[in-house]
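Topology and contacts: notes
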Amino acid sequence: QVQLVESGGGSVQAGGSLRLSCAASGRVFSINSMSWYRQVPGKQRELVARITNGGSTNYADSVKGRFTISGDNAKNTVYLQMNSLKPEDTAVYYCRARVDGYVYWGQGTQVTVSS
(Lines give C-alpha, C1' and ligand atoms only; values in the text may rest on other atoms or scores of the structure.)
Protein backbone atom coordinates (compact mmCIF):
# COMPACT_ATOMS: atom_id res chain seq x y z
CA GLN A 1 0.00 0.00 0.00
CA VAL A 2 1.43 3.36 -1.15
CA GLN A 3 0.08 6.86 -0.58
CA LEU A 4 0.96 9.97 -2.59
CA VAL A 5 0.69 13.39 -0.93
CA GLU A 6 0.79 16.45 -3.19
CA SER A 7 1.33 20.08 -2.22
CA GLY A 8 2.40 23.43 -3.63
CA GLY A 9 -0.54 24.37 -5.84
CA GLY A 10 -2.03 27.83 -5.80
CA SER A 11 -2.75 30.98 -7.79
CA VAL A 12 -0.10 33.14 -9.46
CA GLN A 13 0.11 35.80 -12.14
CA ALA A 14 1.51 35.07 -15.58
CA GLY A 15 5.30 34.98 -15.47
CA GLY A 16 5.36 33.77 -11.88
CA SER A 17 6.61 30.50 -10.40
CA LEU A 18 5.32 27.60 -8.32
CA ARG A 19 6.97 24.48 -6.92
CA LEU A 20 4.88 21.31 -6.61
CA SER A 21 5.84 18.41 -4.34
CA CYS A 22 4.72 14.79 -4.24
CA ALA A 23 5.82 12.43 -1.47
CA ALA A 24 5.34 8.67 -1.60
CA SER A 25 4.88 6.80 1.67
CA GLY A 26 3.88 3.35 2.85
CA ARG A 27 5.26 0.09 1.55
CA VAL A 28 7.83 1.63 -0.78
CA PHE A 29 10.79 -0.54 -1.68
CA SER A 30 11.75 0.91 -5.03
CA ILE A 31 10.31 3.82 -7.02
CA ASN A 32 10.76 3.10 -10.70
CA SER A 33 9.53 6.50 -11.88
CA MET A 34 7.41 9.48 -10.89
CA SER A 35 5.49 11.77 -13.19
CA TRP A 36 3.35 14.89 -13.24
CA TYR A 37 0.18 15.01 -15.32
CA ARG A 38 -2.33 17.83 -15.71
CA GLN A 39 -5.95 18.03 -16.76
CA VAL A 40 -8.33 20.81 -17.76
CA PRO A 41 -12.10 20.18 -17.69
CA GLY A 42 -13.22 18.86 -21.06
CA LYS A 43 -9.73 17.81 -22.12
CA GLN A 44 -7.65 14.67 -21.78
CA ARG A 45 -5.13 14.31 -18.99
CA GLU A 46 -1.65 14.93 -20.39
CA LEU A 47 1.85 14.00 -19.29
CA VAL A 48 3.85 17.05 -18.22
CA ALA A 49 7.13 15.56 -16.98
CA ARG A 50 8.62 12.26 -15.85
CA ILE A 51 11.73 11.24 -13.93
CA THR A 52 13.19 7.78 -13.33
CA ASN A 53 15.04 6.57 -10.25
CA GLY A 54 18.26 6.97 -12.20
CA GLY A 55 17.53 10.63 -12.91
CA SER A 56 16.50 10.46 -16.55
CA THR A 57 13.84 13.08 -17.39
CA ASN A 58 11.30 13.78 -20.11
CA TYR A 59 9.07 16.81 -20.71
CA ALA A 60 6.07 17.74 -22.78
CA ASP A 61 7.00 20.12 -25.58
CA SER A 62 4.71 22.78 -24.12
CA VAL A 63 6.74 23.05 -20.90
CA LYS A 64 10.31 22.48 -22.10
CA GLY A 65 12.61 25.23 -20.91
CA ARG A 66 10.13 26.39 -18.26
CA PHE A 67 9.50 23.38 -15.98
CA THR A 68 12.05 21.20 -14.18
CA ILE A 69 11.32 17.85 -12.53
CA SER A 70 13.64 16.56 -9.81
CA GLY A 71 13.64 13.97 -7.05
CA ASP A 72 14.90 13.32 -3.53
CA ASN A 73 15.49 9.58 -3.24
CA ALA A 74 15.94 9.67 0.54
CA LYS A 75 12.49 11.24 0.98
CA ASN A 76 10.77 9.39 -1.88
CA THR A 77 9.68 12.80 -3.13
CA VAL A 78 9.44 14.36 -6.57
CA TYR A 79 9.27 18.09 -7.32
CA LEU A 80 8.08 20.15 -10.26
CA GLN A 81 9.57 23.63 -10.47
CA MET A 82 7.36 25.71 -12.75
CA ASN A 83 8.74 29.02 -14.03
CA SER A 84 7.45 31.58 -16.52
CA LEU A 85 3.93 30.31 -15.95
CA LYS A 86 1.29 31.03 -18.58
CA PRO A 87 -2.52 31.07 -18.33
CA GLU A 88 -2.47 27.94 -20.50
CA ASP A 89 -0.75 26.11 -17.62
CA THR A 90 -3.91 26.41 -15.50
CA ALA A 91 -5.05 22.89 -14.62
CA VAL A 92 -5.27 20.29 -11.90
CA TYR A 93 -1.85 18.69 -11.58
CA TYR A 94 -1.63 15.00 -10.61
CA CYS A 95 1.31 13.02 -9.32
CA ARG A 96 1.75 9.49 -10.67
CA ALA A 97 4.22 6.98 -9.26
CA ARG A 98 5.33 3.56 -10.43
CA VAL A 99 6.40 1.76 -7.26
CA ASP A 100 7.62 -1.84 -7.26
CA GLY A 101 5.86 -2.40 -10.57
CA TYR A 102 2.49 -0.88 -9.50
CA VAL A 103 0.97 2.49 -10.44
CA TYR A 104 -0.43 4.99 -7.91
CA TRP A 105 -2.09 8.40 -8.34
CA GLY A 106 -2.30 11.41 -6.07
CA GLN A 107 -5.48 13.42 -5.49
CA GLY A 108 -4.33 16.41 -7.55
CA THR A 109 -3.53 20.03 -6.76
CA GLN A 110 -4.99 23.08 -8.49
CA VAL A 111 -2.72 25.51 -10.32
CA THR A 112 -4.27 28.75 -11.55
CA VAL A 113 -2.35 31.31 -13.62
CA SER A 114 -4.00 34.68 -14.24
CA SER A 115 -3.15 37.02 -17.10
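Residues numbered from 1 in each chain as written. Predicted model: local features only at pLDDT ≥ 70, side-chain atom pairs only at ≥ 80, totals over all residues. Heavy atoms only, no water.

1. Structural notes on the pairing of strand S4 (residues 31–39)
Within S4, seven of the nine residues are buried, leaving the element largely enclosed by the surrounding structure. Examined bridge by bridge, S4 and strand S5 (residues 46–52) share six bridges and lie antiparallel to one another. Residue Tyr-37 lies in a different strand from S5, and its bridge partner there is Leu-47. Counting the residues between successive antiparallel strands, the hairpin from S4 to S5 contains six residues, one of them, Gly-42, with a positive phi of roughly 90°. (Buried < 20%, exposed > 50% of the residue type's maximum accessible area, 1.4 Å probe, protein only. Helix = DSSP H or I, 4+ residues; strand = E, 2+ residues; numbered from the N terminus. Pairing = 2+ DSSP bridges.)

2. Some words on the nonpolar core
By size, the foremost hydrophobic cluster in this structure holds 29 residues, and its most contacted members are Trp-36, Leu-80, Met-82 and Tyr-93. At the level of elements, strand S1 (2–7), strand S3 (18–26), S4, S5, strand S7 (67–72), strand S8 (77–82), strand S9 (91–99) and strand S11 (109–114) are the ones that each hand at least two residues to this core. The greatest single-element share of this core, amounting to five residues, is contributed by S9. The contacts of Leu-80, once residues within four sequence positions are left out, are Leu-18, Arg-19, Leu-20, Trp-36, Val-48, Ala-49, Phe-67, Thr-68, Ile-69 and Tyr-93. (Core = buried A, V, L, I, M, F, W, Y, C linked by side-chain atoms within 4.5 Å. Contact = heavy atoms within 4.5 Å.)

3. Some points on the state of the cysteines
By the definition in use, this model includes one disulfide. Each sulfur of the disulfide joining Cys-22 and Cys-95 lies 2.0 Å from the other. Disulfide Cys-22 to Cys-95: torsion about the S-S bond roughly -85°, handedness left-handed. A residue pair is termed long-range when its members are at least 10 positions apart, and Cys-22 in strand S3 and Cys-95 in strand S9 qualify at 73 residues. Given a relative accessible area of 0%, Cys-22 falls into the buried group. (Disulfide = S-S within 2.5 Å.)

4. Section: the side chain of Thr-77
Tracing the backbone through its elements, the reader meets Thr-77 in strand S8. Judged by relative accessible area, which is 9%, Thr-77 ranks as buried. Here Lys-75 takes part through its backbone oxygen, which lies 2.9 Å from a polar atom of the side chain of Thr-77. Apart from residues no more than four positions distant in its own chain, Thr-77 is found in contact with Cys-22, Ala-23, Ser-70, Gly-71 and Asp-72. (Polar contact = N/O pair within 3.5 Å; in protein donor to acceptor, adjacent residues only side chain to side chain.)

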